[in-house]
Amino acid sequence: MSSFKTNEWEKTDQTEHNKVEPGVLYLVATPIGNLADITYRAVKVLSEVDFIAAEDTRNTPKLLGRYDIKKPLVSYYEHNKRERGEYIISRLRNGESCALVTDAGTPAISDPGEDLVVLCRQYGVKVVSIPGACAAITALTLSGLSTRHFVFEGFLTTARGQRKERLKELSSETRTLIIYEAPHKLKLTLEDIYEAFGDRRVAFCRELTKINEEARLMTLSEAISYYEQTQPRGEFVLVIEGAPEKRAEETELSIEEHVQKYIDGGMTKMDAIKAAAKDRGLPKSVVYAEINK
Ligand code: SAM
């Protein structure tokens, strides 16, 4: 019984430890769909800070209303983050406490929260992160793909050339890959991923924690035909199976060297292309095009 009392968890639950401190920025994770997905600590911090910086000042009041929290809001989003960041820092340095909430989920993950934290570090302002919902982790855990090692890529750039280049770099990544995507860009993104990665399994996780939550595990080729028939709706997280382990070793070789290795071993050119494509997890057409450049 006494060991229970001195347990670290018990200590953190004491009122003193949970008191909101002056001059601190609190990164408060908020729900990604289901309003109940918020921690007691998050509600407490939101109720006690001097002001709340919110990415979406139309949405945040709904959450605050649900928990009966009345606090002054300051907007902080992509297009005002520079000037507003300085303003928030000056208030923090004057001893006020602030909670940052972004559109949904954990602040600083693929949203402007990252810049405010950088600014806090520059000015020596203390930052405390109140953990909670994050779309990437929610999707990963239910994907059915390996969770042992994973990489978070966030949003791919919309500049198609750069995006293809980036996907090419990622094509030999053996860890599970997590990507955020908007529904209207999904089809094009899928084509680019398929071209760079070949056929792999992907979990399409959409509307997580909401009424229409869905997580479909499909191969990329299945997904391309599925989304030709079905209009993508809602917010998506793509959890993509990593490249086969063998591929990482083989990428030491150029595609040409890789094919040549099989030809030297006695294969016909077409079989060598097939084998190299399989090793690299690439479509045959990509390998064929590369060696016939
Ligand atoms: N900071 C957030 C987090 O912790 O996940 C992410 C913010 S980012 C601007 C928004 C993206 O997260 C969406 O485009 C979508 O890819 C993903 N996302 C957010 N909520 C989601 C949900 N309920 N279901 C699926 N994806 C979601």
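Reading guide: rules and limits
Residues numbered from 1 in each chain as written. Predicted model: local features only at pLDDT ≥ 70, side-chain atom pairs only at ≥ 80, totals over all residues. Heavy atoms only, no water. Near = heavy atom within 4 Å. Polar contact = N/O pair within 3.5 Å; in protein donor to acceptor, adjacent residues only side chain to side chain. Areas by Shrake-Rupley, 256 points an atom, 1.4 Å probe, with all protein chains shown as cover. 1 Å grid on protein atoms, 1.4 Å probe; cavity = no way out; pocket = protein on both sides within 12 Å on 5 of 7 lines; lining within 4 Å. Sits in = over half its atoms within 2 Å of the grid points. Domains from an automatic or database assignment. Phe/Tyr/Trp six-rings, centres within 6.5 Å; stacked < 30°, edge-to-face > 60°. Helix = DSSP H or I, 4+ residues; strand = E, 2+ residues; numbered from the N terminus. Buried < 20%, exposed > 50% of the residue type's maximum accessible area, 1.4 Å probe, protein only. Points joined across faces, edges and corners; volume = space filled by probe spheres on them. Contact = heavy atoms within 4.5 Å. Buried area = accessible area lost by both parts, 1.4 Å probe. Salt bridge = Lys/Arg side-chain N within 4 Å of Asp/Glu carboxyl O. Pairing = 2+ DSSP bridges. Axes fitted to C-alpha atoms, helices over the stretch in contact; angles between N-to-C directions.

Enquirer: Please provide a residue-by-residue account of the site of the ligand, values included.
Expert: Surveying the vicinity of the ligand reveals 19 residues, the closest of which are I32, T106, I109, Y180 and F236. Interatomic distance of 3.1 Å between a side-chain N/O atom of D111 and a nitrogen atom of the ligand. Contact with the protein chains hides 92% of the accessible area of the ligand, taken as 570 Å² for the molecule alone. With respect to the pocket detection grid, the ligand is positioned in the largest pocket. Viewed by domain, the shell around the ligand spans two of them, domain 1 (19–133) and domain 2 (136–240), each represented by three or more residues.

Enquirer: Go over the packing of aromatic side chains, please, and point to the residues and values.
Expert: Scanning all chains against the criterion turns up five aromatic pairs. Measuring from centroid to centroid gives 5.4 Å for F204 and Y227, while their planes differ by 50 degrees, and the two rings are tilted. Note that F204 is positioned in strand 8 (residues 201–206) and Y227 in helix 10 (residues 220–229), a separation of 23 residues in sequence. Each member of the pair F204 and Y227 is classed as buried. Taking the centre distance of 4.8 Å and the plane angle of 85 degrees together, the rings of Y226 and Y227 count as edge-to-face.

Enquirer: Describe the layout of surface pockets, with residues and values.
Expert: Here the largest pocket is characterised by a volume of approximately 1,000 Å³. Lining the largest pocket are 41 residues, and of these E55, D103, A104, G105 and E235 sit closest to its centre. The element best represented in the lining of the largest pocket is helix 4 (residues 60–66), accounting for three residues. Summarising the domain contributions, the lining of the largest pocket has at least three residues from each of domain 1 (19–133) and domain 2 (136–240).

Enquirer: Give me the lowdown on the domain arrangement of the protein chain, citing residues and values where you can.
Expert: Domain assignment breaks the protein chain into domain 1 (19–133), domain 2 (136–240) and domain 3 (248–291). Distance from the C-alpha centre of domain 1 to the C-alpha centre of domain 2: 29 Å. At the junction of the two partners, domain 1 supplies six residues and domain 2 supplies eight residues. Buried surface at the junction of domain 1 and domain 2, summed over both partners, amounts to about 520 Å²; 60% is from carbon and sulfur atoms. Interface area lost by domain 1 to domain 2 is led by I32, I109 and S110, which between them contribute 70%. One can count zero salt bridges joining domain 1 with domain 2. Viewed at the interface, domain 2 and domain 1 are joined by two residue pairs in polar contact (both at pLDDT 80 or more).

Enquirer: Mind laying out the sheet that holds strand 9 (residues 214–219), listing which residues take part and the relevant values?
Expert: Strand order in the open sheet made by the five strands is 6-7-10-8-9, with mixed pairing throughout. One side of each edge strand has no neighbouring strand; the edge strands of this open sheet are strand 6 (150–155) and strand 9. Between one strand and the next, the sheet's axes are offset by a mean angle of 20 degrees, whatever the strand orientation. The sheet contact formed by strand 7 (residues 176–181) and strand 10 (residues 236–240) spans five bridges and is antiparallel. Bridge pairing in strand 10 places E181 opposite F236. Docked against the sheet, helix 10 engages strand 8, strand 9 and strand 10, running at close to 120 degrees with respect to strand 9.

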